[in-house]
Each structure stands twice: as structure tokens, then as C-alpha cells.
Amino acid sequence: HNGGQKLNRMDPYARQVTNSVGNSVVYDPNAFDWQQDQFKAPPMNELVIYEMHIGSFFAEIAGKPGNFETALEKLTHLRRLGINAIQVMPIAEFAGDFSWGYNPAYIFAVESTYGGPDAFKQFVLAAHQNGFAVILDVVYNHFGPSDLDLWQFDGWSENDRGGIYFYNDERAVTPWGETRPDYDRDQVRSFILDNVSMWLEEYHLDGLRLDSTIYIRTVDGVEENDLPAGWSLMQAINEKARELSPACVTIGGAGFHSQWDANFVYPVRAAVTASDDAARSMDAVRDAVLFNYQQDAFRRVIYSESHDEVANGKSRVPQEIDPNDPTGWYAQKRSTLAAGLVFTAPGMPMLFQG
């Protein structure tokens, strides 16, 4: 209740919900049997990461997204492939059944369509039993923007913006909606840090990848327009992660163990997709191979494909090379060359699913 207003809200800390516009479920986070799971992830210089979107990785029924259970059916394939870390795209409860997950409505609840919290714990346990570390992609640069009970949570807001969980001025604005959390507010910082703790402690995760950290540490993605509270929040996230799990890997820009390296992916894709040798810069390829952050090769994750690189008007590398014949000799050979660079250049290699 707020004055004359009576508001119905789901619990922001709910570990489980019926759906993004449904009800919170009372859930015991300590009831799952981890079978004495004591998995130790490979050291960072040995990680080979596989980026996986649960909803599309293995969907058995047409028109219905995949889930944690169907993903587990392919662990033998992943063992044969040779990867040793699975990076799961965001699984916090989102609007609808089909999404990449970068629109989190409830950051503490595991997406109900994928099976909910126990199904994810079973996925992590099975991954560990098969020798895979599990890294989770989390989204703290914005929430929602839809199905968002946090919006004007207690009825208060300024400038018709989001209220107590969000900035209520121009700092609210992101490319995905005007829903940037208020990093200056202690309660909101605690909310996010508690979320970090939950994933590492309750789900036995081996790492976290923070989505688009430039929109946490800057107001508008421009380096000169710092958001100091965002910088300090990222420091606090890394401190919390290393305190709870010293072997945990954190991936994101600025102060993390490693970050996705745009200095690698763009020159390499340009080189293998160019149809004419005159348009191919071997100097750019050399620079991509040799680039590093702070003289440490493993501070960068290198790849020729990620979820960002296969959508938004772009395609898989073979399709980019030859849209008319992506299974043909040239498309296959040149995309394999890109993969060869990923696996032999200094850095932490990552494949995209498929």
C-alpha cells in the first residue's frame, strides 16, 4: 500500500515464478541434492568455451523452445567436440517463451519455460559430472523492459520513469529501454550483488559473463561519459565473485578476468568472407592474432561467431562467405580457417552453438 494505492507485486527475490506475469512460487533453495558436487573448473588458460542458447540449442518439438532437459541429451556430442566450458545465454525469467534472454523480468527466477530452478541445477550437476564448467550470462545493464513488476514498484516515480529500482533521469536510458537500474542506490546494488551470490552459491556456477558492460560503466556507451556508480558496482561484483569462489572466471569489459575481444572477431571475419584477395588484409589478421590486454593473452575471449555475430542482420560465417551455397567447398574451408585461428591464436577460444 502507498497512500491510496494498493499494488500487487511478485517478490523481486523469487527463485521461481509461474511465468513472467504470473505468481511467485515459494521455493526452498537448499532442497536440491547436489550429490556432493565438488567440481573444479579447468584453469583459464585451458578453457574452451561453447556459447549455448537453451531455447534453440536442441528443440525436440516444433514450435516449442528447448529446455535444460533437452540440452542434456547432447552432452555426449559436446564431449566429442572437445569443449570444456558451457556458457549459457541468460536464463533469468523473461517475457514470453522465446527470447535470447537479454530482457530479464525477474533476475532471481530461472526461466519457467526452460524448466525452472531445479532443472537448471540438474543441468549444472550433469555438466560437472561430464567435465564441463558452466558460465552464465547475466544482464545488469538494464532490466525488462516488459513484464517488469519492478517498474514503479511501490507506486513512486519521478519524470514518469521507473521508480525506486531505476534511475529516474536521463541515466535511465539504454539501447534496450529506459530501465537502467539505479547503481547509486545502496538497495539496488545489494539486489544485484545478492544475485551474483545466488548464482555462484546456490547454482554452483563456475563463472559469470556480464552483458554489455559499457552500458554499466558509461551513460550512453561513449567512453568519456562515465557512470561512476556503474564502475564501482562492477568492482564490487568482481570482489564478491572472487570472495565466494576464487576459481570463478568473470567475463566483461574493465577489471574482469577476461572480455570478448572485438579486435579479433571483426578482422578475422572480414578476412575469411572477402571473396577477392585484394580485399583481404593479412596485416589486419596479424594484428588480430597478436593483440592482447595488459600483455596477458587470456584476458581476451576470441571467436569468429557469437550470438551477436549470427543475428541482427548478420549470419553464420559460411552463410556470410557464400549466401547461395553455405555448405559448399569455399564456404566450409574458409569458415574452418576462421575456426583454426580461434583455436591457435593466443586467447580463450569460444564457439557458438551448432
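Residues numbered from 1 in each chain as written. Predicted model: local features only at pLDDT ≥ 70, side-chain atom pairs only at ≥ 80, totals over all residues. Heavy atoms only, no water.

Draft legend 1. Representation of helix α4 (residues 116-129) within the structure. With 14 residues, α4 extends 20 Å from end C-alpha to end C-alpha; this agrees with the ideal 20 Å at 1.5 Å per step. Extensive coverage of α4 is indicated by the burial of 10 of its 14 residues. Where α4 is concerned, the buried positions are Gly116, Pro117, Phe120, Lys121, Phe123, Val124, Leu125, Ala126, Ala127 and His128. Just downstream of α4 lies Gly131, where phi reads positive at about 90°. (Helix = DSSP H or I, 4+ residues; strand = E, 2+ residues; numbered from the N terminus. Expected span 1.5 Å × (residues − 1). Buried < 20%, exposed > 50% of the residue type's maximum accessible area, 1.4 Å probe, protein only.)

Draft legend 2. Examining the pairing of strand β3 (residues 49-52) more closely. Residues Ile49 and Glu51 of β3 are buried on one face, and the alternating residues Tyr50 and Met52, pointing to the opposite face, are buried as well. As paired elements, β3 and strand β12 (residues 348-352) share three bridges and run parallel to each other. Among the inter-strand pairings, Glu51 is bridged to a residue of β12, identified as Phe352. (Pairing = 2+ DSSP bridges.)

Draft legend 3. Molecular detail of the pairing of strand β7 (residues 133-138). The buried fraction of β7 is high, at six of six residues. By the alternation rule, side chains of β7 split into Ala133, Ile135 and Asp137 and Val134, Leu136 and Val138, which are all buried. The pairing of strand β4 (residues 85-88) with β7 spans four bridges and is classified as parallel. Its bridge partner being in β7, Ala85 is matched across the sheet by Ala133. Taken together, β7, helix α5 (residues 186-202) and strand β8 (residues 207-210) constitute a β-α-β crossover, and its handedness is right-handed. (Right-handed = clockwise from strand over helix to strand, strands pointing away.)

Draft legend 4. Geometry of the packing of helix α8 (residues 262-273) against helix α11 (residues 329-344). It is the contact of α8 with α11, at a shortest axis distance of 9 Å, that shows an interaxial angle of 150°. The angle between α8 and α11 places the two elements in the roughly antiparallel class. Crossing geometry of α8 relative to α11 is assigned as right-handed. The segment α8 lies against α11, with Phe264, Val268, Val272 and Thr273 engaging Arg334, Ala338, Leu341 and Val342. Across the contact of α8 with α11, the residue classes break down as six nonpolar, one polar and one charged. (Axes fitted to C-alpha atoms, helices over the stretch in contact; angles between N-to-C directions. Parallel < 35°, antiparallel > 145°, perpendicular 65-115°, else oblique. Left-handed = near helix turned anticlockwise from the far one by under 90°. Contact = heavy atoms within 4.5 Å. Nonpolar A, V, L, I, M, F, W, Y, C, P; charged D, E, K, R; others polar.)

Draft legend 5. Seen up close, the packing of aromatic side chains. One pass over the structure, following the stated rule, counts 24 aromatic pairs. Aromatic side chains Tyr50 and Phe57 sit 6.0 Å apart centroid to centroid with 80° between the ring planes, which places their arrangement in the edge-to-face category. For the residue pair Tyr50 and Phe57, the accessibility class agrees, reading buried in each case. Three or more aromatic residues joined by ring pairs form one cluster here, namely Tyr13, Phe108, Phe143, Trp151, Phe153, Tyr165, Phe166 and Phe191. Between the NZ or CZ atom of Lys74 and the centre of the ring of Phe58, over which it lies, the distance is 4.5 Å. (Phe/Tyr/Trp six-rings, centres within 6.5 Å; stacked < 30°, edge-to-face > 60°. Lys NZ or Arg CZ within 6 Å of the ring centre and 35° of its normal.)

Draft legend 6. Here's a closer look at the layout of surface pockets. The calculated volume of the largest pocket comes to roughly 620 Å³. Along the walls of the largest pocket sit 29 residues, with Arg209, Ser212, Thr213, Trp260 and Asp308 positioned nearest its centre. Broken down by secondary-structure element, the contributors of at least two residues to the lining of the largest pocket are β8, α6 (214-217), β10 (259-260) and α8. By residue number, the principal contributor to the lining of the largest pocket is α8, which donates four residues. Among the residues forming the lining of the largest pocket, the class breakdown is 13 nonpolar, 10 polar and six charged. (1 Å grid on protein atoms, 1.4 Å probe; cavity = no way out; pocket = protein on both sides within 12 Å on 5 of 7 lines; lining within 4 Å. Points joined across faces, edges and corners; volume = space filled by probe spheres on them.)

Draft legend 7. Representation of empty space enclosed by the protein. Under the definition given, this model contains one cavity of 30 Å³ or more. Its boundaries defined by the atoms lining it, the largest cavity holds a volume of some 80 Å³. What lines the largest cavity is a set of 13 residues, among which Ala92, Ile107, Asp137, Val138 and Val139 lie closest to the centre. Listing elements by their share of the lining of the largest cavity, those giving two or more residues are β6 (104-110), β7 and α5. Top element by residues in the lining of the largest cavity is β7. It accounts for three residues.

Draft legend 8. Here's a closer look at the sheet that holds β10. Across the sheet, which stays open at both edges, the eight strands sit in the order β9-β8-β7-β4-β3-β12-β11-β10 with parallel pairing between neighbours. The strands lining the two open edges of the sheet, one partner per strand, are β9 (249-251) and β10.

Draft legend 9. Seen up close, the environment of Ala59. Inspection of the secondary structure puts Ala59 in the loop between α1 (54-57) and α2 (68-72). Counting along the chain gives 279 residues from Ala59 to Ala338, while the straight-line C-alpha distance between them is 28 Å. Beyond its immediate stretch of four places on either side in the chain, Ala59 contacts Lys64, Pro65 and Gly66.

Draft legend 10. Expanded view of the nonpolar core. Counting residues in each nonpolar core, the largest one holds 61 residues, and the members touching the most others are Ile86, Ile91, Phe120, Phe123, Tyr140, Trp199 and Leu205. A total of eight residues in this core trace back to one element, the largest contributor, which is α5. Apart from the residues lying within four places of it in its own chain, the contact partners of Tyr140 are Ile107, Pro181, Tyr183, Ile192, Asn195, Val196, Trp199, Leu210, Ile216 and Ile237. Counting 14 residues, the second largest nonpolar core, distinct from the first, contains Val268, Ala288, Ile302 and Ala345. (Core = buried A, V, L, I, M, F, W, Y, C linked by side-chain atoms within 4.5 Å.)

Functional significance is not addressed by these values, which are geometric in nature.
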